Amino acid sequence: IFLTGRHGYKVEVEGDVVVAVLIGNIHSRCIVVEVLGNRCGDLTLNAGIAVGATAIVIPEIPYDIEKNVIEKIKRTKETGKNHFIVMVAEGVGGSQEIAKKIEEKTGIETRATILGHVQRGGNPTVRDRVMASYMGNAAVELLNKGIGNRVVCYDKGIILDRDIYEALQMKKDL
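Residues numbered from 1 in each chain as written. Predicted model: local features only at pLDDT ≥ 70, side-chain atom pairs only at ≥ 80, totals over all residues. Heavy atoms only, no water.

Looking only at helices and strands, one finds six helices and seven strands in the protein chain. Tracing the protein chain from N to C terminus, the helices and strands come up as β-α-β-α-β-α-β-α-β-α-β-β-α. A total of 174 residues make up the protein chain; the buried ones form 36% of that total. By sequence separation, contacts in the protein chain at least 24 residues apart represent 69% of the contacts at least 6 residues apart. Summed over its atoms, the accessible surface of the protein chain is roughly 10100 Å², and 52% of this surface lies on carbon and sulfur atoms. (Helix = DSSP H or I, 4+ residues; strand = E, 2+ residues; numbered from the N terminus. Buried < 20%, exposed > 50% of the residue type's maximum accessible area, 1.4 Å probe, protein only. Contact = heavy atoms within 4.5 Å. Areas by Shrake-Rupley, 256 points an atom, 1.4 Å probe, with all protein chains shown as cover.)

The structure is reproduced here in structure tokens:
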């Protein structure tokens, strides 16, 4: 039995780290932040919105670096803003290359930061703890019935279970 969750905590960590990076790099720079999200960009999308990212690159939406990233940075710079955040899901990858291209095309000093496993661990939120209790209970009920190879998940207000192989192939709608 595999339990899914901790979305809220991961987005909080992403937001906190991006703010910390910004405080240290407020001097007319662009920061490209790569976060967890191999096949699913919801963490990246939510964290990007929370920190006011100039551009967000996720696997669910095809992107053109010139149009969707570099042009946005240039337009934003014209408004007087001199620091920028680009959030990139790890499934898209290439944060170092994206940073290099941004610097080449805009002349703005650009750094890439890969959060990776910084997002795992840490203190769970109250919601995380409550959901873990509900989901753990559902997992034990399945095991008591002799049912294995299931993923316990939360979807649209309901705790349910899915076949583990089916769940691994699923894509999350944004």
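Quick look at the packing of aromatic side chains now. This structure, assessed with the given rule, holds zero aromatic pairs. It is R127 that lies over the ring of Y154; its NZ or CZ is 5.7 Å from the centre. (Phe/Tyr/Trp six-rings, centres within 6.5 Å; stacked < 30°, edge-to-face > 60°. Lys NZ or Arg CZ within 6 Å of the ring centre and 35° of its normal.)

Moving on, we come to the nonpolar core. C30, V32, V69, I73, V86 and I102 are the most contacted members of the largest nonpolar core, which has 15 residues in total. Of all the secondary structure elements, the ones that give two or more residues to this core are β2 (29-35), β3 (55-57), α3 (65-78), β4 (84-89) and α4 (95-106). With four residues, the single largest contributor to this core is α3. When near neighbours in sequence (up to four residues on either side) are disregarded, V32 contacts V86, V88, S95, I98, A99, I102, T110, R111, A112 and T113. Ranked by size, the runner-up nonpolar core spans nine residues in total, among them V33, A47, M87 and L115. (Core = buried A, V, L, I, M, F, W, Y, C linked by side-chain atoms within 4.5 Å.)

What follows concerns the pattern of salt bridges. Scanning the model with the defined rule gives six salt bridges in all. For the salt bridge of K105 with E66, the shortest nitrogen-to-oxygen distance reads 3.3 Å. Of this pair, K105 sits in helix α4 while E66 is found in helix α3, placing the two residues 39 residues apart along the sequence. Residue classification places K105 among the partly exposed positions, given a relative accessible area of 42%. A salt bridge links D161 to R150; its shortest N-O distance comes to 2.7 Å. One end of the pair, D161, is in strand β7 (residues 158-163); the other, R150, is in strand β6 (residues 150-155), with eleven residues separating them in the sequence. The class for R150 is partly exposed, based on a relative accessible area of 21%. Ionic contacts of the salt-bridge type, sharing partners, join the residues R29, E109 and R111 into one network. (Salt bridge = Lys/Arg side-chain N within 4 Å of Asp/Glu carboxyl O.)

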